[in-house]
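Architecture and fold: a report
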Amino acid sequence: MNAPRIVAIYPGSFKPPHAGHLRAIEYLLNECGSDQIHIIISNRSRLIPGTACALGADLARRLFELQLSYAGFPLDKIIIEIAEHRAADHALAYIGRAAKDQTLLFAIGQLDHEHNDPRFADIDSLSASAGVQARVQVLPADENPIRASIFRRAIGQGEAGRTTFFEGMHRRLTIEKKEELWGLARTSLKPVAEIYRFKLDPILRGQFEVSAWSVTTENETTTDPEFTWPGKNSSR
């Protein structure tokens, strides 16, 4: 199997992925001739307004996988990854791994590009040092741009947000598939307290030698955490 010649790198939050993101992938495939696309999801969770839950990278990846599959995208050309830290740093690491005969396209939205987003400002110098071909690929803006924040708000609204969520899905998705994605988005969120616990546990156990501790929130709509452990008063 020949190595892909044109490789697109598309980093972002994607929480959740929506039709605008899929149209960007269509552009990279059809207009840019990409042989392979790496979608890189940031490892940061995003709060769902009105709840004490957040949409994490694992759920974002699953929603992306299903949408791409249901909309008939060539899955053999698309790889979805979760960045360990910043998605942009994960993306830039591809410069050091690219073959000499490959061209890397670092995808960025038109609005971000117009506002001088600094994520890929050093592409030219980095690629020149590595001896590989790479450039920034600006993705054209939609006439009616979709914001992931709108979808997070819709998810938090419950049934009142269903229509907004459906309207932001790709045109090739059936009502049944949209229902499935809606249900997944609504039922697979993680409590913020659980996310705090997962990220802070190795720090508290390693640096402060705390073997037993807990983190809670006051109620189901607040994200102000309370930490407690033996021998210490609760701390916010």
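Structure shown above.
The paragraphs below set out a description of the structure included in this document. (Residues numbered from 1 in each chain as written. Predicted model: local features only at pLDDT ≥ 70, side-chain atom pairs only at ≥ 80, totals over all residues. Heavy atoms only, no water.)

**Quick word on the sheet that holds strand β8 (residues 190-191)**
- Strand order in this open sheet of three strands is β3-β4-β8, and the pairing throughout is antiparallel. Edge positions in the sheet fall to β3 (46-47) and β8, since each has one partner strand and no second.
- By the bridge criterion, two bridges tie β3 to strand β4 (residues 53-55) in an arrangement that is antiparallel. Paired with L47 across the bridge in β4 is A54. (Pairing = 2+ DSSP bridges. Helix = DSSP H or I, 4+ residues; strand = E, 2+ residues; numbered from the N terminus.)

**As for unusual backbone geometry**
- Omega for the peptide link from K15 to P16 comes to 0°, which places this bond in the cis form.
- Residue placement: P16 occurs in the loop between β1 (6-12) and α1 (19-30).
- Residues other than glycine seldom take positive phi values, yet F14 does so here, at roughly 55°.
- Within the secondary structure, F14 sits in the loop between β1 and α1.
- Residue F14 is classed as buried on the basis of its relative accessible area, which comes to 4%.
- With a phi close to 55°, N116 is a non-glycine residue in the positive phi region.
- Topologically, N116 is positioned in the loop between α4 (110-114) and α5 (123-130). (Buried < 20%, exposed > 50% of the residue type's maximum accessible area, 1.4 Å probe, protein only.)

**Focus on the sheet that holds strand β2 (residues 36-41)**
- On the basis of which strands lie adjacent, the open sheet formed by five strands has the order β5-β2-β1-β6-β7 and parallel pairing. Looking along the sheet, the strands with just one partner apiece sit at the ends: β5 (78-82) and β7 (133-139). Each neighbouring strand pair of the sheet contributes to a mean axis angle of 25°, computed without reference to strand direction.
- Note: β1 against strand β6 (residues 103-109), four bridges, orientation parallel. (Axes fitted to C-alpha atoms, helices over the stretch in contact; angles between N-to-C directions.)

**A short note on the side chain of H21**
- With respect to the secondary-structure elements, H21 resides in helix α1.
- Under the relative-accessibility criterion, H21 is labelled buried at 12%.
- Ignoring any residue separated from it by four or fewer positions in sequence, one finds H21 in contact with Y10, F14, P16 and F64. (Contact = heavy atoms within 4.5 Å.)

**What about the pattern of salt bridges?**
- Counted by the stated rule, this structure contains 10 salt bridges.
- We note a salt bridge from R172 to E26, for which the minimum N-O separation is 3.3 Å. Here R172 is found in the loop between α7 (162-167) and α8 (175-187), whereas its partner E26 is found in helix α1, with 146 residues between them in sequence.
- Looking at E26, the relative accessible area reads 13%, which means it is buried.
- For the salt bridge of E179 with R162, the shortest nitrogen-to-oxygen distance reads 2.5 Å. Of this pair, E179 sits in helix α8 while R162 sits in helix α7, placing them 17 residues apart in sequence.
- In this structure E179 comes out as partly exposed when scored by relative accessible area, which is 35%.
- Here the residues in one salt-bridge network are E26, R171 and R172, joined through shared partners. (Salt bridge = Lys/Arg side-chain N within 4 Å of Asp/Glu carboxyl O.)

**Brief notes about the packing of aromatic side chains**
- This model, assessed by the stated rule, comprises five aromatic pairs.
- Ring centres of F151 and F165 lie 6.1 Å apart, and the angle between their planes is 75°; this geometry places the pair in the edge-to-face category. You can see F151 sitting in helix α6 (residues 148-157) and its partner F165 sitting in helix α7, a full 14 residues away along the chain. The same class applies to F151 and to F165, which are both buried.
- Through pairs of rings, three or more aromatic residues link up here, namely Y10, F14 and F64. (Phe/Tyr/Trp six-rings, centres within 6.5 Å; stacked < 30°, edge-to-face > 60°.)

**Structural notes on the nonpolar core**
- Ranked by size, the top nonpolar core spans 38 residues in total, and within it I25, I39, F64, L68 and F165 carry the most contacts.
- If one sorts the elements of this core by residue count, helix α2 (residues 57-70) sits on top with seven residues.
- Once residues lying within four places of it in the same chain are set aside, the contact partners of F165 are F151, A154, I155, K178, L181, W182 and A185.
- One finds I9, I40, L104 and V132 within the second-largest nonpolar core, a separate group that totals 15 residues. (Core = buried A, V, L, I, M, F, W, Y, C linked by side-chain atoms within 4.5 Å.)

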